[in-house]
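Listed below, chain by chain, are the residues.
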Amino acid sequence: MSDKIVIEKNGSIISETGPVQDVVVPQEGPEREKIVKRLKLKLDLRLVPYLGLLYLFNALDRGNIGNARLAGLEEGTHLVGNQFYNVLSFFYFGYTISQIPNMFIMKKVTPAVLVGVTMVMWGICSTSMAGAKNYSGLAAARFFMGVFEAGVGPAAPIILSFFYLRHELAWRTALFYGSSTFAGAFGGLIAYGVATNLTHEKLAPWQLLFIIEGIPTIFLGIVTIFVLPNSPETLERWFVTPEERQVAIERSRSGHNTDSSVLDKRQLLASIKDVKNIFTCLIYIGLNIPLASYTSFLPTIVKLMGYKDAEAQLMTVPPYACAIVCVFAVCWNSDRTRRRGYHVAGSAAVACIGYILLISSGHIGANYTGACFVAMGLYPIIPLMLSWVANNNVGHTKRAVSIAMLNTFGQCFATVGTQIYKSPTAPRFFMGYGVCLAFSVVMIVFSLALVVYLKRENSCRDEEYGEPKLLTPEEQQEAIDNGIYDDHPSYRYFI
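Residue positions within a chain follow its written sequence, with the count starting from 1. Thresholds applied to this predicted model are a pLDDT of at least 70 for local features of residues and 80 or more for the giving and counting of side-chain atom pairs; totals over whole chains, interfaces and linings are not thresholded and use all residues. Side-chain numbers come from the whole structure's heavy atoms, not from hydrogens or water.

- Per an unreviewed UniProt entry, the protein carries the name MFS general substrate transporter and comes from Coemansia reversa.
- As recorded by UniProt, the Subcellular location (unreviewed entry) comment attached to the protein reads in full: "Membrane". UniProt positions are given in the numbering used here, feature names are shortened, and annotations may be inferred rather than shown by experiment.

Dropping the structure here:
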């Protein structure tokens, strides 16, 4: 019987009886290109779609409360006054406080365990909303659902950065986060189907909606614990050849994934003091206020355009369909050109056009077109920003904390988005549209300012140190050990 083969984190292959010869792969040339191409194809067919499926259910469970409102949620749980808006805010309170702790937990356990367990827990919370009888029960379920949903969104860019190079991330992140736009479309279709085709003598349509969309999440979370790859070192032998695994490990090293400490306090402080992270947090605040309001209130907004309840559920689908196309197109071009900031600013400008249409016209066609433009502008910014932060932070802890900071500040201000579409301002919602337009402009200003800052940093390093060189894994680890991170003379920022 042959020895059990294991690949250690340093890339060497050992057996239970001792080390064996390393897998030797060419470092350049056509043969390596073939191996890389096969590896990326396998990852694109397994890892990216699976993460996308996870986030589909994440976004579906998060956003279904907007559809449930049209199906009688407020009447069924006896919500009055601002209680519906407060319930929306409780989700973001929970989401915000658990961002950074989840990143450290992921370093302590495996990504598969973190993502799988949190999926099971938020699926339980989502399903339990069907049993809510009052404001308190609904608010508690939404709060804890926010706590557990924070395990997937921030973890995915970290997982992807283990397997893909910097210029490959935006497109793959778009495929992952693009599933949230599918969730918007599917959520509308499911809600329409429940409202028109399903009846139950004891359960209201809004209760059926939570059950139908919550239970599959629980089962998918259990499966995730066993099937989600954690790192290149743990890729199964049935999935990749030894040569492909070795190339995956080398690619991960070249992406500055060499430190293995659970918590590096210096990296934690470096991420907090990093000027570019302040810029990205401000951009993400500008995104999350309009985004939170859009996902929660689109069904209501469409209904107030003149559509009936079931018809309004169905009419929420086209804006998300438009957004799907834009997410993939914009992020593909961002990877192709290796530019992030200009694409963020351009997408925010499209959202501005949408809000201007919503504010300036009372015509149903113009308003609906504006709603489509808003979705087309907002949704591409999510994968662009997460890729941008992952691209420009070196070190596991620094990258994880930077992404967690991004989400923490963004989701904290998302609570503002849940409070700006008050019923007395219907149907024109001037206050809500005006606030969202203002923060879309904020995104444009700070994304372009960050582009200028990063260009200047790269130019200064070019002038002082010349052309950057590719660092070996040992040099990368030395830079991390010495607290240099992305300030290394050979590091150049994505702009």
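Now that the structure has been shown, we can carry on.
## Considerations on the overall build of the protein
Then step 1. A count of helices and strands for the protein gives 21 helices and three strands.
Then step 2. For 495 residues, the compact-globule estimate of 2.2 N^0.38 gives 23 Å, and the C-alpha radius of gyration of the protein, at 23 Å, lies within 12% of that figure.
Then step 3. C-alpha atoms of the protein, sized along the principal axes, occupy 70 × 60 × 40 Å.
Then step 4. Residue burial in the protein is summarised as follows: out of 495 residues, 57% are buried.
Then step 5. Across the protein, contacts joining residues at least 24 apart in sequence account for 82% of those joining residues at least 6 apart.
Then step 6. Computed by Shrake-Rupley with a 1.4 Å probe, the accessible areas treat only the displayed protein chains as cover when residues are assessed. For the protein, the exposed surface amounts to about 19700 Å²; the carbon and sulfur share of it is 65%.
Then step 7. In the protein, which carries 41 positive and 37 negative side-chain charges, the distance between the mean positions of the two groups comes to 5 Å. Counting from the N terminus, the helices are DSSP H or I runs at least four residues long and the strands are E runs at least two residues long. The globule rule is 2.2 Å times the number of residues to the power 0.38, and the radius of gyration it is compared with is taken over C-alpha atoms. With a 1.4 Å probe rolled over the protein chains alone, any residue whose accessible area is under 20% of its type maximum counts as buried; one over 50% counts as exposed, and the rest are partly exposed. Any two residues whose heavy atoms approach within 4.5 Å are treated as being in contact. Charge assignment: positive for Lys and Arg, negative for Asp and Glu; neither His nor the chain ends contribute. All charge positions are set by atom: Lys at NZ, Arg at CZ, Asp at CG, Glu at CD.

## A look at the domain arrangement of the protein
Then step 1. For each domain, the first and last residues come from an automatic or database assignment. Segmenting the protein into domains produces domain 1 (28-252) and domain 2 (274-494).
Then step 2. The distance between the C-alpha centroids of domain 1 and domain 2 comes to 19 Å.
Then step 3. Domain 1 puts 50 residues into the contact, and the matching count from domain 2 is 56 residues.
Then step 4. Of the roughly 4500 Å² buried between domain 1 and domain 2 on both sides combined, carbon and sulfur atoms contribute 67%.
Then step 5. As used here, buried area is the combined drop in accessible area, with a 1.4 Å probe, of two parts when they are placed together. Looking at the side of domain 1 facing domain 2, the largest losses of area belong to Leu70, Tyr92 and Arg166, adding up to 17% of the total buried there.
Then step 6. Salt bridges are defined as contacts in which a side-chain nitrogen from Lys or Arg sits within 4 Å of a carboxyl oxygen from Asp or Glu. Applying the counting criterion to the domain 1 and domain 2 interface returns zero salt bridges.
Then step 7. Whenever a nitrogen or oxygen atom comes within 3.5 Å of another N or O atom, the pair is scored as a polar contact, on the condition that within protein one atom can donate a hydrogen and the other can accept it, and that pairs from neighbouring residues in sequence are kept only if both atoms are in side chains. Counting the contacts that link domain 1 with domain 2 gives nine residue pairs in polar contact (both at pLDDT 80 or more).

## A few points about the nonpolar core
Where a protein is soluble and globular, its nonpolar side chains tend to be buried together.
Then step 1. As used here, the term nonpolar core means buried Ala, Val, Leu, Ile, Met, Phe, Trp, Tyr and Cys residues forming a set that is joined through side-chain atoms within 4.5 Å. Judged by nonpolar contacts, the single largest core of 133 residues is most densely connected at Tyr355, Tyr379, Trp388 and Tyr421.
Then step 2. Ranked by residue count, the leading element in this core is helix H1 (residues 30-70), at 14 residues.
Then step 3. Mapping this core onto the domain boundaries places at least three of its residues in each of domain 1 (28-252) and domain 2 (274-494).
Then step 4. Residues in contact with tryptophan 388, not counting those within four places in the same chain, are Ile283, Arg340, Gly341, Val344, Ser447, Leu450, Val451, Leu454, Phe494 and Ile495.

## Notes on the side chain of serine 293
Then step 1. Among the structural elements, serine 293 can be located in helix H13 (residues 275-304).
Then step 2. Overall, serine 293 belongs to the buried group, its relative accessible area being 1%.
Then step 3. A polar contact is formed between the side chain of serine 293 and the backbone oxygen of proline 290, at a distance of 2.8 Å.
Then step 4. Every residue in contact with serine 293, bar those within four places of it in the chain, is listed here: Leu298, Gly417, Ile420, Tyr421 and Cys436.

## Considerations on the packing of aromatic side chains
Each aromatic ring pair is characterised by the separation of its centres together with the angle its planes make.
Then step 1. When two rings of Phe, Tyr or Trp (its six-membered ring) have centres within 6.5 Å they constitute a pair, described as stacked for plane angles under 30 degrees, edge-to-face for angles over 60, and tilted for the intermediate range. This structure, assessed with the given rule, holds 19 aromatic pairs.
Then step 2. Ring centres of tyrosine 320 and tyrosine 379 lie 5.8 Å apart, and the angle between their planes is 65 degrees; this geometry places the pair in the edge-to-face category. Taken together, the residues span a long stretch of sequence, with tyrosine 320 in helix H15 (residues 317-337) and tyrosine 379 in the loop between helix H17 (364-378) and helix H18 (381-391) at a distance of 59 residues. Neither tyrosine 320 nor tyrosine 379 differs from the other in exposure class; each is buried.
Then step 3. Residues tyrosine 355 and tyrosine 433 carry aromatic rings whose centres are separated by 6.5 Å and whose planes lie at 45 degrees to one another, so their mutual orientation is tilted. Of this pair, tyrosine 355 sits in helix H16 (residues 341-360) while tyrosine 433 sits in helix H20 (residues 430-465), placing them 78 residues apart in sequence.
Then step 4. The buried category is assigned to tyrosine 355, whose relative accessible area is 1%.
Then step 5. Among the residues examined, tyrosine 433 registers a relative accessible area of 3% and is labelled buried.
Then step 6. An aromatic cluster is present here, built from Tyr355, Tyr421, Phe429 and Tyr433 joined pairwise through their rings.
Then step 7. Sitting above the plane of the tyrosine 85 ring, lysine 422 keeps its charged end 5.6 Å from the centroid. Lysine and arginine charges are scored as sitting over a ring when NZ or CZ, respectively, is within 6 Å of the ring centre and within 35 degrees of the ring normal.

## Points about the state of the cysteines
Then step 1. The definition used for a disulfide is geometric: two cysteine sulfur atoms within 2.5 Å. Counted according to the given criterion, the structure contains zero disulfides.
Then step 2. Cysteine 326 forms no disulfide, and the closest cysteine sulfur to it belongs to cysteine 322, at a distance of 7.2 Å.
Then step 3. Using a relative accessible area of 17% as the deciding quantity, one classes cysteine 326 as buried.

## Concerning the pattern of salt bridges
Then step 1. A full pass over the atoms with the stated rule returns 14 salt bridges.
Then step 2. In this structure, glutamate 168 and lysine 40 form a salt bridge, with 3.2 Å as the shortest nitrogen-oxygen distance. Within this pair, whereas glutamate 168 is found in the loop between helix H7 (155-163) and helix H8 (169-177), its partner lysine 40 is found in helix H1, the two being separated by 128 residues in sequence.
Then step 3. A relative accessible area of 5% places glutamate 168 in the buried class.
Then step 4. Note that arginine 340 is salt-bridged to aspartate 335, the shortest N-O span being 3.1 Å.
Then step 5. Connected via shared salt-bridge partners are Arg38, Lys42 and Glu244.

## Some thoughts on the side chain of arginine 46
Then step 1. Structurally, arginine 46 can be placed in helix H1.
Then step 2. Reaching out from arginine 46, the side chain makes a polar contact with the side chain of glutamate 236 at a distance of 2.8 Å.
Then step 3. If sequence neighbours within four positions are ignored, arginine 46 has contacts with Val227, Pro229, Glu236, Trp238 and Phe239.

## Concerning the packing of H1 against H7
Axis angle and axis distance: for two packed helices, these are the angle between their axes and the distance between the axes, and together they describe the pair.
Then step 1. Between H1 and H7, the least distance of the axes is 11 Å, while the angle of their chain directions is 170 degrees. Here H1 lies roughly antiparallel to H7, going by the angle between them. Together, Leu43, Leu47, Val48 and Leu51 of H1 and Ile159, Leu160 and Phe163 of H7 make up the contact between the two elements. Note on geometry: axes are C-alpha line fits, over the in-contact stretch for helices, and angles between N-to-C directions span 0 to 180 degrees. Working rule for angles: under 35 degrees goes down as roughly parallel, over 145 as roughly antiparallel, 65 to 115 as roughly perpendicular, anything else as oblique.

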